[in-house]
Amino acid sequence: MDAVTYPDEKVIAFIEKNMIPLRVAFDSQPLAAEFSLKWTPTLITLDPDGKEHQRTVGFLPSEELIPSLLLGIAKSHYDREKFSEALTILDQILKEAPKSDSAPEAIYLKGVCGYKSTHKPKPLKDAYEELQARHPSSEWTKRAYPYRLL
Amino acid sequence: MGKTIIWETKMDGALARAKTENKHILLDFFNPG
């Protein structure tokens, strides 16, 4: 991460604009125990109250780190039932990084947010159809499979 | 010399900034080697 990803100007600009970066050693206590740390690098997205909403383990190149961090922010909004804010972030991922590893989950979560904010099944079916068309072998397409019947 | 990420090193400081700036925190557990 230090050699490739973190020096990337896009990553620096994204983090400076959107996040508070906090870096601690893997053996730093009590944080390592509180977050059940097992391996490095482990990247965790916390909301402003310190609650965890996403974690990744292992190296991420810059083109994957930014959409992954956006997905973490979207999950935070989703978890706190801020569906409009989550949808805005998810649309940003799909617009700016449609081929990233985060995109399939973003499509899935977009469907769920759409359903929860409208109480109508169409967003779920739309999500499945988009996943089937763009990411047919993704695990998220499999998870959305039942929505084809809606 | 180009810009670099300016990391917080304490959770308390990161949380205070996160609330003030209404931002999420990227917590990176790393191996300093």
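Residues numbered from 1 in each chain as written. Chains lettered and ligands numbered in written order. Predicted model: local features only at pLDDT ≥ 70, side-chain atom pairs only at ≥ 80, totals over all residues. Heavy atoms only, no water.

Q: How should I be thinking about the environment of Arg134(A) in this particular structure?
A: All names here are of chain A. With respect to the secondary-structure elements, Arg134 resides in helix H6 (residues 122-134). Residue Arg134 is classed as exposed on the basis of its relative accessible area, which comes to 55%. With 45 residues separating them in the primary sequence, Arg134 and Ile89 have C-alpha atoms 19 Å apart. (Helix = DSSP H or I, 4+ residues; strand = E, 2+ residues; numbered from the N terminus. Buried < 20%, exposed > 50% of the residue type's maximum accessible area, 1.4 Å probe, protein only.)

Q: Help me understand the confidence of the model for chain B, please; the structure alone is not making it clear to me.
A: One rule of thumb: low pLDDT means the predicted coordinates there are not for detailed reading. Averaged over all residues, the pLDDT of chain B is 93; the fraction at 70 or higher stands at 94%. This complex was scored by the predictor with a pTM of 0.94 and an ipTM of 0.94. (pLDDT = per-residue confidence, 0-100.)

Q: I would appreciate a short explanation of the nonpolar core in the present structure.
A: One recurring pattern in soluble globular proteins is that nonpolar side chains are buried together. All names here are of chain A. Judged by nonpolar contacts, the single largest core of 39 residues is most densely connected at Tyr6, Ile15, Leu65 and Leu90. When residues of this core are traced back to their parent elements, those giving at least two are helix H1 (9-18), helix H3 (62-79), helix H4 (83-96), helix H5 (103-118) and H6. Ile20, Leu22, Ala32 and Leu46 belong to the second largest nonpolar core, which has 15 residues in total. (Core = buried A, V, L, I, M, F, W, Y, C linked by side-chain atoms within 4.5 Å.)

Q: I tried to follow H5(A) on my own but got confused; where do I start?
A: Side chains that are three or four residues apart share a direction in an α-helix, a result of its 3.6 residues per turn. Residues and elements named next belong to chain A. Taking 1.5 Å of rise per residue, 16 residues should cover 22 Å, and H5 covers 22 Å from first to last C-alpha, within 8% of that figure. Within the span of H5, buried status applies to Ala103, Pro104, Glu105, Ala106, Ile107, Tyr108, Leu109, Gly111, Val112, Cys113 and Gly114. Those residues of H5 that are buried lie in contact with H3, H4, H6 and helix H7 (139-143). Phi turns positive one or two residues past the end of H5, at His119, with a value near 60°. (Expected span 1.5 Å × (residues − 1). Contact = heavy atoms within 4.5 Å.)

Q: Would you mind going over the pattern of salt bridges with me for this structure?
A: Side-chain pairs of opposite charge can arise whenever the charged atoms involved come near each other. All told, the structure shown has 13 salt bridges over all chains when counted by the stated rule. For Arg143(A), the salt bridge identified is with Glu139(A), shortest N-O distance 2.5 Å. Taken as a pair, Arg143(A) and Glu139(A) lie in helix H7 at a separation of four residues, close to a single helical turn. Judged by its relative accessible area of 43%, Arg143(A) is partly exposed. Residue classification places Glu139(A) among the partly exposed residues on the basis of a relative accessible area of 43%. Where Glu21(B) meets Lys23(B), a salt bridge forms, and the shortest distance between an N and an O atom there is 3.4 Å. On the basis of relative accessibility, which here comes to 34%, the residue Glu21(B) falls in the partly exposed class. Classification of Lys23(B) as buried rests on a relative accessible area of 14%. Members of the salt-bridge network, linked through shared partners, are Glu8(B), Arg17(B), Glu21(B) and Lys23(B). (Salt bridge = Lys/Arg side-chain N within 4 Å of Asp/Glu carboxyl O.)

Q: Honestly, the interface of chain B and chain A in this entry has me stumped. Any pointers?
A: Quoted interface sizes are often the accessible area lost when the parts come together. Every contact between the two is made by 26 residues of chain B and, on the other side, 35 residues of chain A. For the pair chain B and chain A, the summed buried surface comes to about 3,100 Å²; carbon and sulfur atoms form 67% of the total. Of all residues in chain B, His24(B), Leu26(B) and Phe29(B) bury the most surface against chain A, accounting for 31% of the area lost on that side. As a salt-bridge pair, Lys19(B) and Asp49(A) come within 3.9 Å of each other at their nearest N and O atoms. Split by residue class, the side of chain B that touches chain A holds 13 nonpolar, five polar and eight charged. Alignment of strand S1 (residues 19-25) of chain A against strand S1 (residues 24-30) of chain B, held across seven bridges, turns out to be parallel. By the bridge assignment, Leu22(A) is partnered in S1(B) with Leu27(B). (Buried area = accessible area lost by both parts, 1.4 Å probe. Nonpolar A, V, L, I, M, F, W, Y, C, P; charged D, E, K, R; others polar. Pairing = 2+ DSSP bridges.)

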